[in-house]
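Reading the structure
Listed below are the residues making up each chain.
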Amino acid sequence: MIAGLRLPVLVLAAAAVLPAAEAPRRHVFTLPSGLQVELLQDHDRPCLELHLEVRWPVGEEPAGREGSASLLARVLQAGHAGPHDAQTLARILEERGIESGFQAGPGRFQWTLRCSSTLQEEALSLLAHRVLRPGLGGTDLEVQRAQVWQERLSMGLGEWADLRFRWELLEGRPEGLATERSLGEVGIESLAALHRRIVRPERARLTLRGDLNLAQARQLVLLHLGTWGPAPEPALPPAPKAGPRPLHPPACLVLGTGRPEASLALLPPAGPGDPAVSLLAELMPRWLQARPADLPGAEGRLQALEDGTPYVLLRTAAPSGGDPADLLLRLRAWAAQVASRAVDAEDLALAGRLRAHREAALTGTPPGPPAAVSAAEAAALLQRWFAPSRQRALLTGVAAIAPDHPALQGLGPMAWVRSKE
Amino acid sequence: MVLPLLMRRTAPMLVAFAVAAQPPEVVEGRLRNGIRVLLVERPGSGMIRAGLFFRGGCADTGGLPAVAATLLARAMFTELRPEDLGPQPELDALLERADHLRESLRVEELRSGRIPGAPGPDEHRRSLEASLRDTLARTAPWTTAPDRPDLLDLLGAVRREVSVEPDALASSLDLPAPALAAWADLEQRRLRALRLARLPRVRQDLDAEEAAHDPAEALLLESALPGLPYGRVRESGRQAGVLLADLKAHGREALSPSRLAIVLVGDLKSAEAQAILERSFGTLEGGDPAERTDAGLDLRRRPGGRRVQVKAAGRPRLRMGWLVPPATHPDRLPLEVLAQLLERRSGGQGLALPAYLGGTARLGVPGGRLGNLFVIAARPEEGHGLEACEQEIQRTLLRLQQGGLSPEAFEGALRRLELAALAHQADPADLVRRLGLGWCQGGDWRTAFPDLRGLRREGPAAIARVVRVYLGAEAATRVLLEPDLAQDPGDAAQAELYHLLRAQALARLDDPVKAEALALQSLQQLRMLSREQRDQVLQVLKPGGKRP
């Protein structure tokens, strides 16, 4: 089939993809506090971008105060920073032409700043204030609390079920979702304690990109973030990057209303830092292109949770009168088909090259050596990734389903979503 | 005393000079068949971002619906497999057959919908469906077999993107620098063959995407730009009528060399890259070399004043749109600054949209070669009606029109535009996109890197001027989407409230339709209250309920 191709051209190109690296533009260093810093030098443009990300295990919210991380995110969003209240900070940013942003997701806070490189000192100082001294007491906590709850209330039941589905994939315990009561329990002190507990240097990564050299970067980071030390609160458990990722019941959420649909999520047993997971994730979109003939409208995608963990999501809608449970059965058969694939060394070599190129394209640095994973390791991981015990399902538009329905065989227990509480 | 004051006054100017964004250094060329080439050298990364940009997108599909552009771009560029490069008579025959069966099925469904109970439609339909399934299954060895190599994967290409804009079709990717010649050769062979092998799967994907489509944007464009090309770029549900043969005929025109610009940014040498492109893309037959000379939208015949009210699932939302000039017009920049100011809470002084509106402001037609629509979208928090939001938006615009914008806020907005332009240049993917789209939408890549000096000279008055000229209340098209509360009351408490209101109305009115309408109207008004107040009403309405 490939005979018509100019194979020598392809082979030569594929083999000779790693050019001689020039002087690296990327530097990585770690402060004694554990803060990881990455510098991407770019002297072509007189601007600087700062990106600070903190990740933590989602279950760190204290029991009985679920939703406090969402509330903390809103307070951080409000924009107090050290000596500046929100309005003053906004005015400073406005006058200097500094672009500032904050984003939050389950288990993740991100601050970004973009400015002229002449303002690098001021930008680092503002970033440090926003991250370390967010002035929690200066915010109207009641307003923020009401808004968090309002957002939750304004969701439709289907949207809520989808959120809960993702939340359970991420955390493995549905009680992590906020209730009106748990939000009401959160006060300024507990919010400050949570801030100290999760916003820690050893959980953070700072990326500086722009017109800055290594010496300047070290000096600026030490000056403004060097005092960011360990908090008195107990240390968090180690990051789940490459470790095993547990899953908990329920394995199947069922919603009586909505469009009849079935979704099946398959979460790998290790995090995004695991080399075998990242190589299989590179190959997965190609494997999912082949859809079973009995599921013509189905889609199979590789998605990522907020902590970067890739997962496979198979989803299909029922034609009118169709039974979502029957669709789930067929999605599970599709999953079994993918899991039975043979993974060969050629697949892995291709995935390794693509992975290296992706990183090179993202960082603007020459591709590094591809990760080495044996075919046996990858095949074993694939089996575990798609095992029934790691499958999580969401069914919507289901009037009734028996717990011993064949679609649920081998899955964990089922739970009905009847309200947003 | 004077020096600090002087420093304070001049600091913003110094900063402005420091960051003034220069356009990138682009080497421009043209192949012998007319294809444009834009090259930017960025040595050291070992990678090249490559993009193919075809002028004319979903607003330029001739007699076909806009979705034809998406079908064409995705079927053509999402993958590259051996069958895309040479003759495949067996596959072509199967694709044609699947296409005819799909069309017969569509016609049958239309017919059975029009004549209920017509003899044997179900049986015929089932037979057509079975034939279609069988035919598609037979195409699977070519179209979905994961063991068949994707040739761009073999080259090491990553971050592949296919995009369809109103004025452009684009395909771009990152590839290792040594693979440039192989990529160019494969792409020119693909363009020459113009085989749409993945069309059946692309159709399925689009069907699934359309199910999750929010109708708000499509309604606004259709209402604000009726009968104009941009008015139908978001319309949905039209792909079934687009046949493979039509799509191929459209592809031969839409993907012709005269419409193509190749943009490369990365680890390359311009002369070598140009020679590689000449040997590959340069051999494609030229097509029509004529430059496009479409007339722009006539702003003088702005329809405006339209108001569309629709029941739709989800939270209540409002879209307001005003017709504004195209990408190349000097007023485009102040309109972009205006959009930024409206969205930023930090601007303060009542010149930004209030936070409770959940508002965004932007130009609604990406690019907008012929003209554009300035769109303000609001998704208000509970307790705020859409009419009140509309009035608040008008009040905000009026304050801007009266010149309430401070020079500092204006200068800050300009600086953020400059920084954004610099940041776009830092990322090769972003730079390729801007260069390519700039050429497709403005006729010249430089239009994507506008010079802010003129706007800076005019000052904040420019913002007041564009609001006055384009964003008058009479010129606005409004689309209001509100949930059908009978179908989707929101939560259990509201559902209960609705049932109680309906029961009360039925007790007083004989006509159930009127009773239903009254209950819905009451529920709509009660939604303006806080949750606590609504709970109190619920308690009062419950049988035996008392006033708190």
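The rules behind each value
- Residues numbered from 1 in each chain as written.
- Chains lettered and ligands numbered in written order.
- Predicted model: local features only at pLDDT ≥ 70, side-chain atom pairs only at ≥ 80, totals over all residues.
- Heavy atoms only, no water.
- Helix = DSSP H or I, 4+ residues; strand = E, 2+ residues; numbered from the N terminus.
- Buried < 20%, exposed > 50% of the residue type's maximum accessible area, 1.4 Å probe, protein only.
- Contact = heavy atoms within 4.5 Å.
- Areas by Shrake-Rupley, 256 points an atom, 1.4 Å probe, with all protein chains shown as cover.
- Salt bridge = Lys/Arg side-chain N within 4 Å of Asp/Glu carboxyl O.
- Pairing = 2+ DSSP bridges.
- Axes fitted to C-alpha atoms, helices over the stretch in contact; angles between N-to-C directions.
- Phe/Tyr/Trp six-rings, centres within 6.5 Å; stacked < 30°, edge-to-face > 60°.
- pLDDT = per-residue confidence, 0-100.
- Parallel < 35°, antiparallel > 145°, perpendicular 65-115°, else oblique.
- Nonpolar A, V, L, I, M, F, W, Y, C, P; charged D, E, K, R; others polar.
- Core = buried A, V, L, I, M, F, W, Y, C linked by side-chain atoms within 4.5 Å.

Below, the discussion takes up the overall build of chain B. Along the backbone of chain B there are 19 helices and 11 strands. Going through the 548 residues of chain B one by one, you find that 53% of them count as buried. Considering only contacts within chain B whose residues lie at least 6 apart along the sequence, 81% involve residues at least 24 apart. Just so you have it, chain B exposes about 23,600 Å², and 53% of that area is on carbon and sulfur atoms.

Let's shift gears to the pattern of salt bridges. Think of it this way: side chains of opposite charge can pair up when their charged atoms draw near. In this structure the tally under the stated criterion is 49 salt bridges over all chains. Residues A:Arg26 and A:Glu38 are paired through a salt bridge, measuring 2.5 Å at the closest nitrogen-oxygen approach. Here A:Glu38 lies in strand β2 (residues 36-41) and A:Arg26 lies in strand β1 (residues 26-30), a separation of 12 residues in the sequence. Residue A:Arg26 is classed as partly exposed on the basis of its relative accessible area of 36%. A:Glu38 gets classed as buried once you look at its relative accessible area, which sits at 8%. For B:Arg446, the salt bridge goes to B:Glu28, with nearest N and O atoms at 2.6 Å. Of the two residues, B:Arg446 sits in the loop between α14 (428-442) and α15 (453-458) while B:Glu28 sits in strand β1 (residues 27-30), which places them 418 residues apart along the sequence. For B:Glu28, a relative accessible area of 42% translates into the label partly exposed. One salt-bridge network, held together by shared partners, links B:Glu79, B:Arg81, B:Glu83, B:Asp84, B:Arg198 and B:Arg201.

Below, the discussion takes up the pairing of strand β4 (residues 158-165) of chain B. Residues and elements named next belong to chain B. Where β4 and strand β5 (residues 168-176) come together, six bridges link them in antiparallel fashion. From the neighbouring strand, Val158 faces β5, where its bridge partner is Asp174. In textbook terms, the turn of a hairpin is the stretch between consecutive antiparallel strands, and for β4 and β5 this stretch comprises two residues.

Residues and elements named next belong to chain A. Taken in spatial order, the six strands line up as β9-β10-β8-β11-β7-β12 in an open sheet, and their pairing is mixed. Looking along the sheet, the strands with just one partner apiece sit at the ends: β9 (299-304) and β12 (414-417). In this sheet, neighbouring strand axes are inclined to one another by 20 degrees on average, regardless of whether the strands run parallel or antiparallel. Where strand β7 (residues 252-255) lies against strand β11 (residues 391-396), four bridges are found, and the strand directions are parallel. Considered in β11, the bridge of Val254 is made with Leu395.

This part covers the packing of aromatic side chains. Residue and element names in this part refer to chain A. What the rule picks out here adds up to nine aromatic pairs over all chains. Measuring from ring centre to ring centre gives 5.6 Å for Phe102 and Phe109, while their planes differ by 55 degrees; the resulting arrangement is tilted. Of the two residues examined, Phe102 and Phe109, each falls in the buried class. Judged by centre distance (6.1 Å) and plane angle (45 degrees), the rings of Trp385 and Phe386 are tilted. For Trp385, a relative accessible area of 0% translates into the label buried. Through successive ring pairs, a cluster of aromatic residues spans Trp56, Phe102, Phe109 and Trp111.

Let's shift gears to the environment of A:Leu76. All names here are of chain A. Of note, Leu76 is situated in helix α2 (residues 68-78). Classification of Leu76 as buried rests on a relative accessible area of 2%. When the C-alpha positions of Leu76 and Trp111 are compared, they lie 9.7 Å apart, and in sequence the two are 35 residues distant. Once you skip the residues sitting within four places of it in the chain, Leu76 turns out to touch Phe102, Phe109, Trp111, Arg130, Pro134 and His195.

This next bit is on unusual backbone geometry. Most peptide bonds take the trans form, and the phi angle of most residues other than glycine is negative. Residues and elements named next belong to chain B. Even without being glycine, Arg159 reaches a positive phi, approximately 50 degrees. Summarising the element assignment, Arg159 is placed in strand β4. The phi dihedral of Leu194 is positive, around 45 degrees, even though this residue is not glycine. Examined against the element boundaries, Leu194 turns out to sit in the loop between α6 (180-193) and α7 (199-211). Residue Leu194 is classed as buried on the basis of its relative accessible area, which comes to 7%.

Here we come to the confidence of the model for chain A. Of all residues in chain A, 84% attain a pLDDT of 70 or more, and the chain-wide mean is 79. Contacts for the low-pLDDT stretch residues 239-243 of chain A, under 50 throughout, to residues beyond four places or in other chains number 15 contacts.

To continue, consider the packing of helix α12 (residues 386-401) of chain B against helix α16 (residues 461-470) of chain B. Residues and elements named next belong to chain B. Direction vectors running N to C along α12 and α16 enclose 130 degrees, while the axes themselves pass 8 Å from each other. The pairing of α12 with α16 is recorded here as oblique in orientation. Taking contact as the criterion, the partners of Leu397, Leu400 and Gln401 in α12 are, on α16, Ile463, Ala464, Val467 and Arg468. In terms of residue class, the contact of α12 with α16 is built from five nonpolar, one polar and one charged.

Moving on to the environment of B:Glu209. Residue and element names in this part refer to chain B. Assignment of secondary structure puts Glu209 in helix α7. Note on Glu209: relative accessible area 34%, which makes it partly exposed. For the pair Glu209 and Ser236, spaced 27 residues apart in sequence, the C-alpha to C-alpha distance is 9.8 Å.

Let us look at the nonpolar core. The nonpolar side chains of a soluble globular protein tend to be buried with one another. Counting residues in each nonpolar core, the largest one holds 78 residues, and the members touching the most others are B:Trp183, B:Leu191, B:Leu255, B:Ile262, B:Leu264, B:Leu277 and B:Phe281. If you tally residues by element for this core, the top one is helix α2 (residues 67-77) of chain B, at nine residues.

Further remarks concern the sheet that holds strand β6 (residues 204-210) of chain A. Residue and element names in this part refer to chain A. Pairing in this open sheet of six strands is mixed, and the strands run β1-β2-β6-β3-β5-β4 from one edge to the other. One side of each edge strand has no neighbouring strand; the edge strands of this open sheet are β1 and β4 (99-105). With strand direction ignored, the average angle separating the axes of adjacent strands in the sheet is 15 degrees. Against the sheet, α2 engages β4 and β5 (108-116), with an angle of about 15 degrees to β5.

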